[in-house]
Amino acid sequence: MSEISVLLQDRKLAYRPGETVRGTAYWTLGGQPESVEVRLFWRTEGKGSTDTEIAASRTFQNPARTDRRDFELVLPAGPYSYAGKLIAILWSVEVIAEPGSEAEHQDIVVSPSGEPVRPAPLPETPK
Amino acid sequence: MSAACGVDAAANPFRASRILEFRYRFVDSGWDALLSKLEALGMRGAIVGPEGSGKTTLLEDLGERLRRSGRRVIFGGVEAGAVTLLDGAERLTRRQWRRFLREAREAAGLVVTAHRPGYLPTLIETRTTPGILDAAVLAASGRRCEGFAVTPEELWTRHGGNIRTALRELYDICAGRVSPSSRGAQRRGIPDSFAT
């Protein structure tokens, strides 16, 4: 049985835009991997169709069946993590091994404040 | 806490990514019958049904089945020796459709989805039932429709059997954005254990 994990440096889970995400990927796979890659990506979640984009990635050279590799990935300027009721923007660091697309991910927050941006409350309607 | 407090999109039990995890549920046949009919039709057929009846989901599931049986499967494209799956035949113009059929002659199979019959021999007509909707609601939220103060029949009928839009109504309820069509449910009071 395969095991993949991703551990971020200092267990840091909140980042500012443009900051570097550092961590270590660990894996023990059922067979020799063709490739192992770490990806920094965001995805939307909510009512409508979902969207996703890989902001940065790194492919590990000559990965062994059991291995660990350090990585550094630089965050772009945006989008910020967002927690609305109709839509959310979620950031993750994912390690994915092929063949089989076995993967594990760690969710992170990307914003200037370290918290997901929330929609401003609507002004009260005058009665 | 009232339902009007609502949950964030990432925690909404009816969020899109969770709905996409649902697999097609047959009403009165099954995989054996479907695959036998596909063979009998020379591996060419159409999945026909109204919106929200599971055509795309069934097409994806069929692709997975065919792959597991050792066939090569291509979504949208055509390749000699592979089974082509096309979601939404209506999106092609008549000319594009004729060209597509010509190109697909060398394919090992061709299955399309459409809202109406006529593109290829009908492989299956997809439909839903209030029971299927109720099962989807349970799978998403851990509650049956009654947990949202609506019967499966009422919700199913209100959406004309469209599971997708019915689940979107429940999304709005969980988000605290009650749609006009569910005001009846709102009046009856919707228990809320999804609010964060």
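Residues numbered from 1 in each chain as written. Chains lettered and ligands numbered in written order. Predicted model: local features only at pLDDT ≥ 70, side-chain atom pairs only at ≥ 80, totals over all residues. Heavy atoms only, no water.

A. Layout of the overall build of chain A. A count of helical and extended segments in chain A gives 0 helices and 9 strands. Mapped in sequence order, the helices and strands of chain A form the string β-β-β-β-β-β-β-β-β. Along the first, second and third principal axes, the C-alpha atoms of chain A reach 70 × 30 × 20 Å. When the 127 residues of chain A are sorted by exposure, 35% land in the buried category. Long-range pairs, those at least 24 residues apart, make up 63% of the contacts in chain A with a sequence separation of at least 6. Element-wise, carbon and sulfur atoms account for 50% of the exposed surface of chain A, whose accessible area totals about 7,500 Å². For chain A, the centre of its 14 positive side-chain charges and the centre of its 18 negative side-chain charges are spaced 6 Å apart. (Helix = DSSP H or I, 4+ residues; strand = E, 2+ residues; numbered from the N terminus. Buried < 20%, exposed > 50% of the residue type's maximum accessible area, 1.4 Å probe, protein only. Contact = heavy atoms within 4.5 Å. Areas by Shrake-Rupley, 256 points an atom, 1.4 Å probe, with all protein chains shown as cover. Lys, Arg positive; Asp, Glu negative; His and termini not counted. Charge placed at Lys NZ, Arg CZ, Asp CG, Glu CD.)

B. Quick peek at the sheet that holds strand 1 (residues 3-8) of chain A. Residues and elements named next belong to chain A. The 3 strands are arranged 1-3-6 in an open sheet whose pairing can be described as antiparallel. Every interior strand has two partners, whereas the edge strands, strand 1 and strand 6 (66-74), have only one. The mean angle between the axes of side-by-side strands here comes to 20°, regardless of whether they run parallel or antiparallel. Relative to strand 3 (residues 20-28), strand 1 is paired through 6 bridges, and the arrangement is antiparallel. Looking across to strand 3, one finds that Ser5 is bridged to Tyr26. (Pairing = 2+ DSSP bridges. Axes fitted to C-alpha atoms, helices over the stretch in contact; angles between N-to-C directions.)

C. Spatial organisation of the sheet that holds strand 4 (residues 109-114) of chain B. All names here are of chain B. On the basis of which strands lie adjacent, the open sheet formed by 5 strands has the order 2-3-4-1-5 and parallel pairing. Lying at the two open borders of the sheet, with one neighbouring strand each, are strand 2 (73-75) and strand 5 (122-125). Adjacent strand axes in the sheet meet at a mean angle of 20° when their direction is disregarded. Where strand 1 (residues 44-48) and strand 5 come together, 3 bridges link them in parallel fashion. Counted as the bridge partner of Ile47 is Ile124 from strand 5. Across the sheet, helix 3 (residues 55-68) is in contact with strand 1, strand 2, strand 3 (83-86), strand 4 and strand 5; its angle to strand 2 comes to roughly 155°.

D. Just the interface of chain A and chain B, in detail. With 13 residues of chain A in contact, the opposing surface of chain B contributes 14 residues. Taken together, the two surfaces of chain A and chain B that pack against each other cover about 1,100 Å², and 54% of this comes from carbon and sulfur. Of all residues in chain A, the largest losses of buried area upon contact with chain B belong to Glu45, Lys47 and Lys85 of chain A, amounting jointly to 59% of the total for that side. Our count for the chain A to chain B interface comes out at 3 salt bridges. (Buried area = accessible area lost by both parts, 1.4 Å probe. Salt bridge = Lys/Arg side-chain N within 4 Å of Asp/Glu carboxyl O.)

E. Layout of helix 2 (residues 31-40) of chain B. Residues and elements named next belong to chain B. When helix 2 is considered as a whole, its buried residues turn out to be Trp31, Leu34 and Leu38. The arc that holds every buried residue of helix 2, seen down its axis, measures 65°, which confines them to one face. Residues of helix 2 that are exposed and angled more than 90 degrees away from the buried face: Asp32 and Ala40. Against the buried residues of helix 2 lie strand 1, helix 3, strand 4 and strand 5. Phi turns positive one or two residues past the end of helix 2, at Gly42, with a value near 70°. (Arc of directions from axis to C-beta.)

F. Representation of a positive patch on the surface within the structure. Residue and element names in this part refer to chain B. Together, Arg94, Arg95, Arg98, Arg102 and Arg105 make up a region of like positive charge exposed at the surface. Within the fold, Arg105 resides in the loop between helix 4 (94-103) and strand 4. Judged by relative accessible area, Arg105 falls into the exposed class, the value being 61%. (Patch = residues over 30% accessible without salt bridge, like charges linked within 9 Å, V, L, I, M, F, W, Y side chains within 5 Å.)

G. How the structure looks around the pattern of salt bridges. Residues and elements named next belong to chain A. Enumeration according to the criterion identifies 20 salt bridges over all chains in this entry. A salt bridge links Glu37 to Arg39; the shortest N-O distance between them is 2.5 Å. When its relative accessible area of 18% is taken as the criterion, Glu37 is described as buried. Asp70 is the salt-bridge partner of Arg68, the closest N and O atoms lying 3.9 Å from each other.

H. A look at the side chain of Lys55 of chain B. Residue and element names in this part refer to chain B. Within the secondary structure, Lys55 is located in helix 3. Here Lys55 sits buried without a salt bridge, and the closest side chain of opposite charge, Asp87, lies 6.7 Å off (N-O distance). In terms of polar contacts, Lys55 uses its side chain to reach the backbone carbonyl oxygen of Gly49, at 3.1 Å. Sequence-distant contacts of Lys55, that is, excluding residues within four places in its chain, are made with Ile47, Val48, Gly49, Pro50, Thr113, Ala114, His115 and Thr126. (Polar contact = N/O pair within 3.5 Å; in protein donor to acceptor, adjacent residues only side chain to side chain.)

I. Quick look at unusual backbone geometry. Following Gly78 of chain A, the chain continues into Pro79 of chain A via a peptide bond in cis, with omega recorded as 5°. Following the sequence through the fold, Pro79 of chain A ends up in the loop between strand 6 and strand 7 (82-83). For the peptide bond that leads from Glu98 of chain A to Pro99 of chain A, omega is 5°, which places it in the cis range. Relative to the elements of secondary structure, Pro99 of chain A occurs in the loop between strand 8 (87-98) and strand 9 (102-110). With a phi angle near 60°, Asp10 of chain A is a residue other than glycine that sits in the positive phi range. Along the chain, Asp10 of chain A turns up in the loop between strand 1 and strand 2 (14-15). At Met43 of chain B, a residue that is not glycine, the phi angle is positive and equals roughly 65°. Considering the arrangement of structural elements, one finds Met43 of chain B in the loop between helix 2 and strand 1.

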